[in-house]
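# Results of the structural survey
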Amino acid sequence: MSARLARIIAVGLTFAAAFAACHGTIRFDDRSLCASDGDCLLSTLHCDVATGACVACVGDADCTTPGLSRCDTIRGRCVPCSVGADCGSGMVCRSERCYASCGAGVTCPASAPTCDDGFCGQCDDGRGCSAASATPYCSGHSCVACLTDANCGGATPRCDPVALTCVPCATNADCPASTPLCDLGVGQCRAVP
């Protein structure tokens, strides 16, 4: 065995011993390893056993909040829709959001005045949202509060990738010691139960 391989093994064994001795005090990221839902600490998080990560959902059954009935299994987040039938009559699903259908004599409401590609939106191609409003950015035909973390700040420094609103956390590392767990579904820091 080479000296380099021996050092790598020694470092690995040292880490394993430290992990075993202090498992309760090590602060893992919100996508830390899990084998079951109980490993995720928050009842709102579920274990994606394929990746070993704690996520907001692994299937539609985990999505119980009204208006967020489908699970985007790639992001592990509940979303409004995955197909048009999730949205109701006269609605279409685009980019996991529900929009009113338009065209052929159907006009759009004042709240979503732009008819594009057969559905009503608030904006299109980055235009149509008021820079002076709480939702100055255009994303998928909707005016939203943020597109990236750079659009957020203060007590809400992270941009939620589903709701596109500024929230306190996206990972456990964003949370203070008093409330060290990030509830990914809502972007809020929670205390250890």
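To start, this report covers the structure provided alongside it. (Residues numbered from 1 in each chain as written. Predicted model: local features only at pLDDT ≥ 70, side-chain atom pairs only at ≥ 80, totals over all residues. Heavy atoms only, no water.)

### Thoughts on the overall build of the protein chain
When helices and strands are tallied, the protein chain shows one helix and 14 strands. Scored against the burial criterion, the 193 residues of the protein chain give a buried share of 32%. Carbon and sulfur atoms make up 60% of the accessible area of the protein chain, which amounts to about 10900 Å² in all. (Helix = DSSP H or I, 4+ residues; strand = E, 2+ residues; numbered from the N terminus. Buried < 20%, exposed > 50% of the residue type's maximum accessible area, 1.4 Å probe, protein only. Areas by Shrake-Rupley, 256 points an atom, 1.4 Å probe, with all protein chains shown as cover.)

### With respect to the pattern of salt bridges
On inspection of all chains with the given rule, the structure shows eight salt bridges. Ionic pairing is found between Glu-96 and Arg-75, a salt bridge with its closest N-O pair at 2.3 Å. Taken together, the residues span a long stretch of sequence, with Glu-96 in the loop between β5 (91–94) and β6 (97–100) and Arg-75 in the loop between β3 (70–72) and β4 (77–79) at a distance of 21 residues. Overall, the relative accessible area of 24% leaves Glu-96 in the partly exposed class. Residue classification places Arg-75 among the partly exposed residues on the basis of a relative accessible area of 32%. Taking the shortest distance from any N to any O, the salt bridge between Arg-77 and Asp-160 comes out at 2.9 Å. One end of the pair, Arg-77, is in strand β4; the other, Asp-160, is in the loop between β11 (158–159) and β12 (166–167), and 83 residues separate them in sequence. Across this residue pair, the class does not change: Arg-77 and Asp-160 are buried. Each of the salt bridges in this network shares a partner with another, and the network as a whole consists of Asp-60, Arg-70 and Asp-86. (Salt bridge = Lys/Arg side-chain N within 4 Å of Asp/Glu carboxyl O.)

### Things to note about the pairing of β6
The alternating pattern of β6 places Arg-97 and Tyr-99 on a buried face and Cys-98 and Ala-100 on a face that is not buried. Where β5 lies against β6, four bridges are found, and the strand directions are antiparallel. Bridge pairing in β6 places Cys-93 opposite Cys-98. Where β5 folds back on β6, the antiparallel hairpin that results is connected by two residues, among which Ser-95 adopts a positive phi of roughly 50 degrees. (Pairing = 2+ DSSP bridges.)

### So, the side chain of Asp-72
Note on placement: Asp-72 falls in strand β3. Under the relative-accessibility criterion, Asp-72 is labelled buried at 11%. A polar side-chain atom of Asp-72 sits 2.9 Å from a polar atom in the side chain of Arg-75. Not counting the four nearest positions on each side in its chain, Asp-72 is found in contact with Cys-57, Arg-77, Val-79 and Glu-96. (Polar contact = N/O pair within 3.5 Å; in protein donor to acceptor, adjacent residues only side chain to side chain. Contact = heavy atoms within 4.5 Å.)

### Considerations on the environment of Val-186
Examined against the element boundaries, Val-186 turns out to sit in the loop between β13 (181–183) and β14 (188–190). Along the sequence, Val-186 and Asp-160 sit 26 residues apart, while their C-alpha atoms lie 8.1 Å from each other.

### Re the environment of Ala-163
Position of Ala-163 relative to the elements: it lies in the loop between β11 and β12. Of the residues examined, Ala-163 reaches a relative accessible area of 40% and is grouped as partly exposed. C-alpha separation for the pair Ala-163 and Val-186, spaced 23 residues apart in sequence, amounts to 8.8 Å.

### So, the nonpolar core
Counting residues in each nonpolar core, the largest one holds twelve residues, listed as Cys-34, Cys-40, Leu-42, Leu-45, Cys-47, Cys-54, Cys-169, Cys-175, Leu-181, Cys-182, Leu-184 and Cys-189. Here Cys-169 is in contact with Arg-158, Asp-174, Cys-175, Cys-182, Asp-183, Gly-187, Gln-188 and Cys-189, once residues within four sequence places are set aside. Residues Cys-146, Cys-152, Cys-159 and Leu-164 belong to the second largest nonpolar core, which totals five residues. (Core = buried A, V, L, I, M, F, W, Y, C linked by side-chain atoms within 4.5 Å.)

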